[in-house]
Amino acid sequence: MSFGLLAIVLGAVWALEGLNYLTNHLMSDQPVWVAVGGGVAVLGLVLIVIGMRRREAGRQQA
């Protein structure tokens, strides 16, 4: 779940840089970074959901 949280934060930063809300000379106003950042953020959300399901399954077995 920690990797999922990190991926959400990193993806959000990349998307904001791609939208030119955070300025960075290499990534500012580049639509590709919006797509990559959004994809990484969604992947992070999926990792968190998987982690929560595994945690819940472990509690039910114990």
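Owing to the predicted nature of the structure, the values given are computational and were not obtained by experimental measurement.

J.: Run through the environment of Gly 18, naming residues and quoting values.
T.: Mapped onto the secondary structure, Gly 18 falls in helix 1 (residues 2–18). With 26 residues separating them along the chain, Gly 18 and Gly 44 place their C-alpha atoms 18 Å apart. Setting aside anything within four residues of it in sequence, one finds Gly 18 in contact with Met 27, Asp 29, Gln 30, Trp 33 and Val 34.

J.: Go over helix 2 (residues 31–61), please, and point to the residues and values.
T.: Across its 31 residues, helix 2 extends 46 Å between first and last C-alpha, which sits within 8% of the 45 Å expected from 1.5 Å per residue. Among the residues of helix 2, Gly 37, Gly 44, Ile 48 and Gly 51 are the ones counted as buried. In this structure, the buried residues of helix 2 make contact with helix 1.

J.: Run through the side chain of Ser 28, naming residues and quoting values.
T.: Locating Ser 28 in the fold gives a position in the loop between helix 1 and helix 2. Among the residues examined, Ser 28 registers a relative accessible area of 16% and is labelled buried. If we skip the residues at most four places from it in the chain, Ser 28 touches Glu 17, Asn 20, Leu 22 and Thr 23.

J.: So what's going on with the packing of helix 1 against helix 2? Which residues, and what values?
T.: Close contact between helix 1 and helix 2 brings their axes to 7 Å; oriented N to C, the two are set at 160°. The orientation of helix 1 relative to helix 2 falls into the category roughly antiparallel. Crossing handedness for the pair helix 1 and helix 2: left-handed. Counted together, Phe 3, Gly 4, Leu 5, Ala 7, Ile 8, Gly 11, Ala 12, Trp 14, Ala 15 and Gly 18 of helix 1 and Trp 33, Val 34, Val 36, Gly 37, Gly 38, Val 40, Ala 41, Gly 44, Leu 45, Leu 47 and Ile 48 of helix 2 form the full contact between these two elements.

J.: Lay out unusual backbone geometry in plain terms, naming residues and giving numbers.
T.: Leave glycine aside and you will find that most residues have negative phi; peptide bonds, for their part, are mostly trans. In the Ramachandran plot, Asn 20 falls in the positive-phi region, its phi being about 70° despite a non-glycine side chain. Judged by relative accessible area, which is 39%, Asn 20 ranks as partly exposed. A positive phi angle, near 60°, is found at Asp 29, a position not held by glycine. Residue placement: Asp 29 occurs in the loop between helix 1 and helix 2.

J.: Which residues make up the side chain of Glu 17, and what values go with them?
T.: Looking at where Glu 17 falls in the secondary structure, it is placed in helix 1. Of the side chains with opposite charge, Arg 55 lies nearest to the buried Glu 17, which makes no salt bridge, at 29 Å. Beyond its immediate sequence surroundings of up to four residues, Glu 17 is in contact with Leu 22, Asn 24, Met 27, Ser 28 and Asp 29.

What counts and what doesn't
Residues numbered from 1 in each chain as written. Predicted model: local features only at pLDDT ≥ 70, side-chain atom pairs only at ≥ 80, totals over all residues. Heavy atoms only, no water. Helix = DSSP H or I, 4+ residues; strand = E, 2+ residues; numbered from the N terminus. Contact = heavy atoms within 4.5 Å. Expected span 1.5 Å × (residues − 1). Buried < 20%, exposed > 50% of the residue type's maximum accessible area, 1.4 Å probe, protein only. Axes fitted to C-alpha atoms, helices over the stretch in contact; angles between N-to-C directions. Parallel < 35°, antiparallel > 145°, perpendicular 65-115°, else oblique. Left-handed = near helix turned anticlockwise from the far one by under 90°. Lys, Arg positive; Asp, Glu negative; His and termini not counted. Salt bridge = Lys/Arg side-chain N within 4 Å of Asp/Glu carboxyl O.

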